[in-house]
Amino acid sequence: MSFTVAAFSSSPRSRANSEILTDRLLAGAEKSGASVTKAGLHHLSIKACTACGACQSTAEAPCVIDDDMSDLIAQVRAADALVFASPIYFAAVNAQMKLFLDRLFAVFGGGDFLALEGKRMGVVLTYGADDPFESGAVNALRMFQDAAFFLKMDLRGWVHAACMDPGDVESNSSALDAAFALGEKLARDC
Ligand SMILES: Cc1cc2nc3c(=O)[nH]c(=O)nc-3n(C[C@H](O)[C@H](O)[C@H](O)COP(=O)(O)O)c2cc1C
């Protein structure tokens with residue numbers, strides 16, 4: 001079985017900067033021998049968590065909401081490394097990404113918050129402001145850092161870039177190179 005990297009990308013735009021960086025990251029992971037998948041969250045049906053608690057009743061209890069999240073949860077469980085890619089909206093990840101992250105609660109059935117222990121994590125964030133602090137990208141990264149710490153996941157790094165319009169990041173060779181390198185790092189021991 002090869003090492004698998006599953007990316008979850010939340011931009012609604014075509015030629016999205018975060019998705020361009022994600023594709024470079026996945027190319028790096030593939031070069032290191034991983035098999036890769038990418039899900040475009042904006043194009044899927046992901047309803048908001050209602051905090052009903054049904055998924056927490058036992059380790060096997062599924063989420064009771066009938067939408068595309070059951071497939072995504074299966075992808076999360078099966079992957080060795082997870083990549084979360086989002087544009088920054090209002091100084092945080094966008095709503096599509098937050099819906100997805102909240103619904104990952106169902107992975108931790110029966111209160112087993114170590115269900116993803118040891119899985120690797122990579123983060124891709126794009127934003128319009130020049131500065132990653134002013135943009136909110138650091139705020140979003142801190143959310144992933146806290147989650148990785150709590151869940152005992154292995155946060156291997158993040159790629160971020162200031163870019164406003166679709167495709168802007170294509171001229172940012174250092175960000176593209178950093179994305180490729182993070183893909184390699186996610187997929188190999190180092
Ligand atoms: C609704 C909305 C909110 C945004 N909020 C921020 C923000 O808080 N900080 C920022 O730096 N850029 C913000 N931006 C700019 C986007 O982050 C920027 O265009 C980025 O390149 C989008 O990434 P994408 O091409 O992957 O969708 C916002 C854009 C939109 C549409």
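Trainee: Before we go on, may I ask you to explain the overall build of the protein in this structure?
Mentor: Summing up its helical and strand segments, the protein has six helices and six strands in all. Listing every helix and strand of the protein by position from the N terminus yields β-α-β-α-β-β-α-β-α-α-β-α. Scaling as 2.2 N^0.38, a compact globule of 190 residues should have a C-alpha radius of gyration of about 16 Å, and the protein matches this with 16 Å. Projected onto its principal axes, the C-alpha coordinates of the protein cover approximately 50 × 35 × 25 Å. Split into buried and exposed, the 190 residues of the protein put 38% on the buried side. Of all intrachain contacts in the protein linking residues separated by at least 6 positions in sequence, the fraction that spans at least 24 positions is 78%.

Trainee: Honestly, the site of the ligand in this entry has me stumped. Any pointers?
Mentor: In the neighbourhood of the ligand, 19 residues make up the surrounding shell, with Ser18, Pro87, Tyr127, Gly128 and Ser135 lying closest. Among the elements of the structure, α1 (17-31), β3 (81-89) and β5 (120-127) are those that each provide at least two residues to the shell around the ligand. Top contributing element to the shell around the ligand by residue count: β3, with three residues. Across the shell around the ligand, the residue classes tally to eleven nonpolar, seven polar and one charged.

Trainee: Hey, could you run me through the environment of Ala91 in this one?
Mentor: Checked against the element boundaries, Ala91 lands in the loop between β3 and β4 (92-93). Between the C-alpha atom of Ala91 and that of Ser35, which follows or precedes it by 56 residues, the distance is 32 Å. If near-sequence neighbours (up to four positions away) are discounted, Ala91 is found in contact with Gly136 and Asn139.

Trainee: Teacher, can you tell me more about the nonpolar core here?
Mentor: Side chains of a nonpolar character, in soluble globular proteins, are inclined to be buried together. If you look at the biggest cluster of nonpolar residues, it comprises 53 residues, and the most contacted ones within it are Val5, Leu21, Leu25, Val83, Val124, Val159 and Ala179. At eight residues, helix α6 (residues 173-187) tops the list of elements feeding residues into this core. Every residue in contact with Val5, bar those within four places of it in the chain, is listed here: Leu26, Ala29, Ala34, Val36, Ala79, Asp80, Ala81, Val83, Leu186 and Ala187.

Trainee: What should I look at first to understand α6 in this one?
Mentor: One full turn of an α-helix is made of 3.6 residues, so residues set three or four places apart face in the same direction. Given a rise of 1.5 Å per residue, 15 residues ought to cover 21 Å, and the 21 Å separating the end C-alpha atoms of α6 matches this to within 8%. Those residues of α6 that fall on the buried side of the exposure criterion are Ala175, Leu176, Ala178, Ala179, Phe180, Leu182, Gly183, Leu186 and Ala187. Looking at the buried positions of α6, the neighbouring elements they touch are β1 (4-9), α1, β3, β5 and β6 (154-162).

Trainee: Help me understand unusual backbone geometry, please; the structure alone is not making it clear to me.
Mentor: Both trends apply: most residues other than glycine have a negative phi, and most peptide bonds are in trans. The backbone of Arg15 sits at a positive phi, close to 55°, despite the residue not being glycine. Phi is positive for Phe90, which is not a glycine, with a value near 50°.

Trainee: Just to check I follow, could you spell out the packing of α1 against α6 for this structure?
Mentor: Any two packed helices are characterised by the angle at which their axes cross and by the distance between the axes. Where α1 meets α6, the closest approach of the two axes is 6 Å, and the angle between their N-to-C directions is 40°. With respect to α6, the axis of α1 lies oblique. The element α1 and its partner α6 pack so that their crossing is right-handed. In this structure, α1 uses Leu21, Arg24, Leu25, Leu26, Ala27, Gly28, Ala29 and Lys31 to contact α6, whose residues at the interface are Ala175, Leu176, Ala179, Phe180, Ala181, Leu182, Gly183, Glu184, Leu186 and Ala187.

Trainee: Which parts of the structure should I look at to understand the pairing of β5?
Mentor: In the case of a regular strand, side chains alternate between the two sheet surfaces. Burial analysis of β5 places eight of its eight residues in the buried class, the great majority of the element. Neither face of β5 is exposed, since Arg120, Gly122, Val124 and Thr126 on one face and Met121, Val123, Leu125 and Tyr127 on the opposite face are all buried. Here β3 pairs with β5 via seven bridges, running parallel. Residue Leu82 lies in a different strand from β5, and its bridge partner there is Met121. The pairing of β5 with β6 spans eight bridges and is parallel. Paired with Leu125 across the bridge in β6 is His160.

What counts and what doesn't
- Residues numbered from 1 in each chain as written.
- Predicted model: local features only at pLDDT ≥ 70, side-chain atom pairs only at ≥ 80, totals over all residues.
- Helix = DSSP H or I, 4+ residues; strand = E, 2+ residues; numbered from the N terminus.
- Rg over C-alpha atoms; globule rule 2.2 N^0.38 Å.
- Buried ≥ 20, exposed ≤ 12 C-beta atoms within 10 Å, placed from the backbone.
- Contact = placed C-beta atoms within 7 Å.
- Near = placed C-beta within 6 Å.
- Nonpolar A, V, L, I, M, F, W, Y, C, P; charged D, E, K, R; others polar.
- Core = buried A, V, L, I, M, F, W, Y, C linked by C-beta atoms within 7 Å.
- Expected span 1.5 Å × (residues − 1).
- Axes fitted to C-alpha atoms, helices over the stretch in contact; angles between N-to-C directions.
- Parallel < 35°, antiparallel > 145°, perpendicular 65-115°, else oblique.
- Left-handed = near helix turned anticlockwise from the far one by under 90°.
- Pairing = 2+ DSSP bridges.

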